[in-house]
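An overview of the molecular structure
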Amino acid sequence: MNPSNQDAVYPAVGMSRNAASDRAVTRLSHPRFQRAFAGRGGKLLQGASLPLVVLALWQVASSLGWAPETLLPSPVNIVRALADLVSTGELVHDIEISLLRALFGFLLGGTLGFAFGMAAGLSKHFEGFTDPTIQMVRTIPHLAITPLFILWFGLGEWSKVLLIALGAFFPLYVNTFTGIRNVDAKLFEVARILEFNRLHLVTRLMLPAALPNILLGLRLSLGVSWLGLVVAELMGSSAGVGYLIENASQFSQTSVVFVGLLIFAAVGKLSDSLVRWLERRLLRWRDSYGG
Amino acid sequence: MSAVTVELEHKSFHSEHGEVQVLRPIQLQIHPGEFVTIIGPSGCGKSTLLKILAGLDTEYRGSVWIDGQKVVRPGVQQGFVFQEHRLFPWMTVEQNIAANLSLRDPQIRAKVDQLTELVRLKGFERAYPKRLSGGMSQRVAIARALLRDPKVLLLDEPFGALDPFTRAHLQTALLEVWMRKKITMILVTHDVDEAVVLANRIVIMTPKPAAIQAVIPVDLPYPRQRVDGAFQEIRNQILRALSDQGVWTAAE
Ligand SMILES: Nc1ncnc2c1ncn2[C@@H]1O[C@H](COP(=O)(O)OP(=O)(O)O)[C@@H](O)[C@H]1O
Ligand SMILES: [Mg+2]
C-alpha cells in the first residue's frame with residue numbers, strides 16, 4: 001500500500017459517503033473540491049482551515065474593540081510584536097537558549113532512560129536492582145522537585161538542564177523496557193533455532209521489535225522535555241522563551257506573551273513532526289502503518 | 001541425509017491441575033532422506049513431539065539422536081517450520097532468509113538467490129512480510145530453514161492455515177525441494193491427503209497421551225494422484241485406523 005495513494009482516496013470516499021443527505025455536503029463532493037483536499041497539500045489545507053477561521057473572527061472582534069488589547073491583543077498586533085522581536089535579534093537569542101537547554105536536558109535524560117530501559121529489559125538482575133527505585137521516583141511529579149533542584153543546583157543552567165533531563169528519563173525508560181520485554185516469545189524460539197548470537201539477538205530481534213515502543217518513548221520524552229523547559233524558565237531565568245513570556249507578562253505586554261506561546265507551540269509541533277517522520281521511515285514494515 | 005532415532009519414554013506437563021501425561025513411550029527409526037508424516041487427533045501431542053525432536057523442549061525422559069548425535073538443544077541442524085510463518089516483520093524476504101547471516105557475504109548471497117529461485121520468490125526479495133500472502137510467507141520460512149543446510153527439516157502443520165489450492169501448490173513445492181536436497185523430512189499434519197501425498201511412511205498417533213498406533217508405508221511413485229486407486233486405498237487405511245480411535249468425526 002502506498003500511503004500517498006491512500007491520502008488521495010480517503011477524503012474522496014469519506015465525502016461521497018456523506019454526500020447524499022444534504023446539499024452543502026453534496027457540494028463538498030464536487031470533483032474540484034476533492035482535488036483541492038487531495039494529497040499532502042490538501043491535508044495541510046484541511047488542518048489549517050479551522051485556525052484560519054478562528055484567526056479571522058479574532059481579528060474582527062479586536063478591531064471592533066470587543067477585546068481589550070492587554071487581555072487579548074489582535075493577531076495583527078501579535079505579528080507586529082513578533083516582527084519587532086525578530087528584528088532586534090532578541091527572539092532568535094531566546095529561542096537559541098531555550099533549544100539548547102531542552103536539547104541538553106533531553107539528550108542527557110533520554111540517553112540515560114534508553115540505556116537503563118535496555119539494561120533492565122535485557123537483564124532481570126539489573127531490573128531487580130534498579131526498577132523498584134526508578135518506579136518510586138517516577139511517582140513523584142517531577143515538577144514538584146523543582147524547588148529542591150533550585151536549592152541544590154541554584155538558578156543557573158544546571159538546575160534547568162537536570163530538571164528537563166529528569167522528565168525526559170522516564171518515558172524512554174518505561175517504553176524501552178516494555179518494548180524489550182514484550183518481544184514475541186515465538187520469535188525468540190526462531191532465534192534459538194537459527195542460532196542467533198547475543199549481539200544479533202539484540203540488534204536483529206529485540207531492538208527492531210521494541211522500536212515502536214522506543215519511538216513512542218522518544219516522542220513522549222521530547223514532550224516532557226519541552227514542558228520541563230517552560231517550567232524551568234518561568235521559575236527564574238534571564239534569557240529564553242520562558243523568560244520572554246514571564247518578563248512580558250510583568251509589563252502587561254500581552255502580545256509578546258502570545259509570541260512566546262506561539263514559539264512554544266511551533267517548536268513543540270516541529271519536534272513531534274520530526275519523530276513522526278522518523279516513525280514513518282523506520283516502521284515501514286509494520287502492518288498497521290498506513291501513514 | 002541424516003538418520004533420526006527417537007526413543008521417548010515419557011513426557012508430561014505440569015499445571016495447577018497437576019501432572020498431565022502427553023506422550024507415552026515412542027520408538028521410531030527414520031532413515032536418511034526419508035519423508036515421514038505424522039498424523040493424529042488434535043491435542044494428542046504431535047507438536048510436543050516435534051519440539052522434542054527439535055531440541056526446543058528438553059523436559060522429558062528418553063532421547064533423540066540425529067546421525068548418532070544426541071539432540072540437547074535447538075539449532076540449525078534441526079530446521080523448523082511452524083504453522084505460523086514466524087518471519088521477522090522488520091526484515092525483507094531476503095533479510096528474513098539470511099536472518100543472522102550476512103547478505104554481504106558472497107557465499108550467503110549466492111545461496112539466498114538460489115533459494116529464492118527454488119521457492120519461487122524471485123521479484124519479492126525486497127518485500128516486507130506484511131505484503132506477502134500466507135503461502136509466500138511459508139515459502140520464505142522454508143527457504144530460511146534450508147539456507148542452513150539442516151540435517152532434518154521438521155514441519156509442524158506448515159500448510160494448515162492455507163486454502164486448499166495454495167496448500168496443494170506448496171505440497172508440490174516441498175516435494176520438489178525434498179527431491180533436490182534429499183533432506184530428511186518430518187511433517188506433522190491433520191490432513192489425511194497431505195500425509196499420503198508427501199510421505200514415504202505415515203505415522204498415526206493415538207489420542208493423548210500419544211503413542212504410535214500404526215506406521216503405514218507408502219510405496220507410490222511421485223507425483224501422486226489423489227484420484228488413483230492405490231492412493232485411495234492408503235487414504236482409507238488411515239481413515240480406518242483413525243476411526244478405530246473413536247475420536248474421528250465425519251466433519252474432519
Ligand atoms: N506448555 C504446555 N503446558 C501445558 N500443557 C501443554 C503445553 N503444551 C501443550 N500442552 C498440552 O499437551 C497436549 C498436546 O499438545 P500439542 O502437542 O500441542 O498437541 P497437537 O499438536 O497434537 O495438537 C494438549 O493437551 C495441550 O493442552
Ligand atoms: Mg499442534
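This is a predicted model, so every value here is computed, not measured. (Residues numbered from 1 in each chain as written. Chains lettered and ligands numbered in written order. Predicted model: local features only at pLDDT ≥ 70, side-chain atom pairs only at ≥ 80, totals over all residues. Heavy atoms only, no water.)

For the rest of this paragraph, the subject is the packing of aromatic side chains. Counting across every chain of the model gives 16 aromatic pairs over all chains. Pairing Phe169 of chain A with Tyr173 of chain A gives two aromatic rings, centres 5.7 Å apart and planes at 10 degrees, and the pair type is stacked. Of the two residues, Phe169 of chain A and Tyr173 of chain A are both situated in helix 9 (residues 157-181); the distance of four residues between them amounts to about one turn of the helix. Assigned by exposure class, Phe169 of chain A and Tyr173 of chain A land together as buried. Each residue in the set Phe116, Phe126, Phe169, Phe170, Tyr173 and Phe177 of chain A is aromatic and connected to the rest through ring pairs, giving one cluster. For the cation-ring pair, Lys11 of chain B lies above Phe13 of chain B, with the distance from its terminal atom to the ring centre recorded as 4.4 Å. Geometry around Trp178 of chain B places Lys182 of chain B over its ring, the cationic atom sitting 4.4 Å from the centre. (Phe/Tyr/Trp six-rings, centres within 6.5 Å; stacked < 30°, edge-to-face > 60°. Helix = DSSP H or I, 4+ residues; strand = E, 2+ residues; numbered from the N terminus. Buried < 20%, exposed > 50% of the residue type's maximum accessible area, 1.4 Å probe, protein only. Lys NZ or Arg CZ within 6 Å of the ring centre and 35° of its normal.)

Looking now at the UniProt feature "domain: ABC transmembrane type-1" (unreviewed entry) in chain A. Here the UniProt-annotated "domain: ABC transmembrane type-1" (unreviewed entry) positions come out as residues 91-275 of chain A. Helix makes up 86% of residues 91-275 of chain A and strand 0%, and the two end C-alpha atoms of the span are 25 Å apart. (UniProt positions renumbered as here; feature names shortened; annotations may be inferred.)

For the rest of this paragraph, the subject is the packing of helix 12 (residues 241-250) of chain A against helix 13 (residues 254-282) of chain A. Residues and elements named next belong to chain A. Packing of helix 12 against helix 13 brings their axes to within 8 Å, and their N-to-C directions diverge by 160 degrees. Classified by the angle their axes make, helix 12 and helix 13 are roughly antiparallel. With respect to the hand of their crossing, helix 12 and helix 13 are arranged in left-handed fashion. Facing Val241, Gly242, Leu244, Ile245, Ala248 and Ser249 of helix 12, the residues of helix 13 in contact are Val256, Val257, Gly260, Leu261, Ile263 and Phe264. (Axes fitted to C-alpha atoms, helices over the stretch in contact; angles between N-to-C directions. Parallel < 35°, antiparallel > 145°, perpendicular 65-115°, else oblique. Left-handed = near helix turned anticlockwise from the far one by under 90°. Contact = heavy atoms within 4.5 Å.)

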